[in-house]
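Report on the structure
What follows is each chain in one-letter form.
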Amino acid sequence: MTTTIARPAVSPPAQVTKKRVVTPYLLLAPATVVVFATLLYPVGRMVALSFQRGNLGDLITRRTVWVGLDNYRAVLSDQVFWTVLPRTLGFAAVCVALTLVIATGCALLLQHASQWARVTLSVGMVIAWATPVLIGAVIFKWLFDAEFGVVNWLLTESGLCDCRHRSWLGDQWSAFAVLVSIVVWGAVPFAALSVYAGLLTVPPELGEAARVDGAGAIRIFRQITFPLLRPIYAILTVLSVIWDTKVFPQVWLTTKGGPYQGTVMLGVYIYQKGIVSSQFGVASTIAVLMTIMLVGLSWFYIRTMRQEAR
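Residues numbered from 1 in each chain as written. Predicted model: local features only at pLDDT ≥ 70, side-chain atom pairs only at ≥ 80, totals over all residues. Heavy atoms only, no water.

1. Quick look at the packing of aromatic side chains
Throughout the structure, instances matching the rule amount to 15 aromatic pairs. Counting every residue linked through ring pairs, the aromatic cluster contains F140, F144, W168 and W185. Between the NZ or CZ atom of R166 and the centre of the ring of W168, over which it lies, the distance is 4.3 Å. (Phe/Tyr/Trp six-rings, centres within 6.5 Å; stacked < 30°, edge-to-face > 60°. Lys NZ or Arg CZ within 6 Å of the ring centre and 35° of its normal.)

2. Structural notes on the pattern of salt bridges
This model, assessed by the stated rule, comprises 3 salt bridges. Put simply, D58 and R53 hold a salt bridge, and the shortest N to O gap is 2.8 Å. On the accessibility criterion, D58 (2% relative accessible area) is buried. Looking at R53, the relative accessible area reads 35%, which means it is partly exposed. Here D70 ties to R73 by a salt bridge, and the two come within 2.8 Å at their closest N and O atoms. Placement of both D70 and R73 in helix 3 (residues 70–76) is noted, with a separation of 3 residues, approximately one turn of the helix. Relative accessible area serves as the criterion here: at 52%, R73 is assigned to the exposed category. (Salt bridge = Lys/Arg side-chain N within 4 Å of Asp/Glu carboxyl O. Buried < 20%, exposed > 50% of the residue type's maximum accessible area, 1.4 Å probe, protein only. Helix = DSSP H or I, 4+ residues; strand = E, 2+ residues; numbered from the N terminus.)

3. Re the packing of helix 6 (residues 133–143) against helix 8 (residues 172–199)
Close contact between helix 6 and helix 8 brings their axes to 10 Å; oriented N to C, the two are set at 135°. By the angle between their axes, helix 6 is oblique relative to helix 8. Our pair here, helix 6 against helix 8, has a crossing hand that is right-handed. Packed against helix 6, whose contacting residues are G136, A137 and F140, the element helix 8 presents S181, I182 and W185 at the interface. (Axes fitted to C-alpha atoms, helices over the stretch in contact; angles between N-to-C directions. Parallel < 35°, antiparallel > 145°, perpendicular 65-115°, else oblique. Left-handed = near helix turned anticlockwise from the far one by under 90°. Contact = heavy atoms within 4.5 Å.)

4. Considering the packing of helix 4 (residues 79–112) against helix 11 (residues 230–245)
Packed helices, taken two at a time, are described by the angle between their axes plus the distance between the axes. The N-to-C vectors of helix 4 and helix 11 enclose an angle of 140°; their axes lie 9 Å apart at closest approach. With respect to helix 11, the axis of helix 4 lies oblique. Between helix 4 and helix 11 the crossing geometry is right-handed. Residues T88, F91, A92, C95, V96, L100 and T104 of helix 4 touch helix 11, and the partners they reach there are Y233, L236, T237, S240, V241, D244 and T245. Here the residues of the contact of helix 4 with helix 11 are counted per class, giving 8 nonpolar, 5 polar and 1 charged. (Nonpolar A, V, L, I, M, F, W, Y, C, P; charged D, E, K, R; others polar.)

5. Description of the environment of E147
Within the secondary structure, E147 sits in the loop between helix 6 and helix 7 (150–157). Only 3.1 Å separates the side chain of E147 from the side chain of H165, close enough to count as a polar contact. (Polar contact = N/O pair within 3.5 Å; in protein donor to acceptor, adjacent residues only side chain to side chain.)

6. Observations concerning the nonpolar core
Judged by nonpolar contacts, the single largest core of 48 residues is most densely connected at F81, F91, V195, L266 and I286. Elements supplying a minimum of two residues to this core: helix 3, helix 4, helix 8, helix 11, helix 12 (249–254), helix 13 (266–276) and helix 14 (280–309). When sequence neighbours within four positions are dropped, the list of residues in contact with I286 reads V75, F81, L266, Y269, I270 and K273. Formed by 6 residues, the second largest nonpolar core is a distinct cluster that contains F140, F144, W168 and V178. (Core = buried A, V, L, I, M, F, W, Y, C linked by side-chain atoms within 4.5 Å.)

7. A word on a nonpolar patch on the surface
A cluster of nonpolar side chains, V35, F36, L39, L40, Y41, V43 and V47, forms an exposed patch at the surface whose accessible area comes to about 620 Å². Checked against the element boundaries, V43 lands in helix 1 (residues 14–49). Taking the relative accessible area as the measure of exposure, V43 reaches 36% and is therefore partly exposed. (Patch = residues over 30% accessible without salt bridge, like charges linked within 9 Å, V, L, I, M, F, W, Y side chains within 5 Å. Areas by Shrake-Rupley, 256 points an atom, 1.4 Å probe, with all protein chains shown as cover.)

8. Thoughts on unusual backbone geometry
For the peptide bond that leads from G258 to P259, omega is 0°, which places it in the cis range. Looking at where P259 falls in the secondary structure, it is placed in the loop between helix 12 and helix 13. In this structure, K256 takes a positive phi of about 55° despite not being glycine. Of note, K256 is situated in the loop between helix 12 and helix 13. One non-glycine residue, Q261, lies in the positive phi region at around 60°. For Q261, the location among the structural elements is in the loop between helix 12 and helix 13.

9. A word on helix 10 (residues 217–228)
When the terminal C-alpha atoms of helix 10 are compared, their 15 Å separation across 12 residues agrees well with the 16 Å that a helix rising 1.5 Å per residue should span. Along helix 10, the positions that sit buried rather than exposed are I220, I224 and T225. When helix 10 is viewed along its axis, its buried side chains cluster within an angular range of 85° and face the same direction. In the core, the buried residues of helix 10 are packed alongside helix 8 and helix 9 (204–212). (Expected span 1.5 Å × (residues − 1). Arc of directions from axis to C-beta.)

10. Some points on the environment of W173
Mapped onto the elements of the fold, W173 is located in helix 8. Accessibility expressed as a relative area gives 66% for W173, which makes it exposed. Along the chain, W173 and G262 lie 89 residues apart, while their C-alpha atoms are 8.7 Å from each other.

Spelled out as structure tokens, the structure:
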């Protein structure tokens, strides 16, 4: 009969334990430095500048004049700010809704299309997604040009309307339609490919079982597909809200906030205050308020989605 003698557990040396504790922090240190240099430091400077006067004279003489909450009082009492804010939110809401609807349609088309059509559509969306924002804005401005625009020519030749010499950017609402087209065109590829990637993870057996029970395509998507893709839609919504609220180059290159300041959004308003008028303290204050608003909206939406998922 053999007797097994249990050996006492040997604890690792103190040096090995210390090394295991320190190693993760050393691996995270480079990424932490990059995040601090590219994100946290600029945000901190923006917040600090919002409490300073920050005009052109202060920057030239390198003076720091602290004004407390004066910039916030000036912005919150500015009628232009309260005109630009709802305009920006409405613009972002329209862009986000159209982006998600069109992206869902494109994703479903990719799922049911043939291989060559799927590859062609995917390549086209990737090219549109990779196109720089500046190039896209210039292309759309040319498409809707009053004299040589392709849109006016197509509408006139098709007999839908006599759109010769029609200035799409000369009216506030048509200018908004052009801006929405630019933003949605650039945002749909990323959203569509993300939704398509999510559709590939949905088990096809669920849809087949629902069809056997007599469910149609709309009901299957609403009751089976969408609940499974809810996290993807939550991420896309939050990102789209952030991107579309702080939109700037598309507006500035296309309308510069016109006609008659009718398409000025928060991004353009910050540029006008900071770069054009050299009121850097006021511009930083608007940027801080916009950041707080976006963080609040994102937190509220994610919290609501998590509660519905329970």
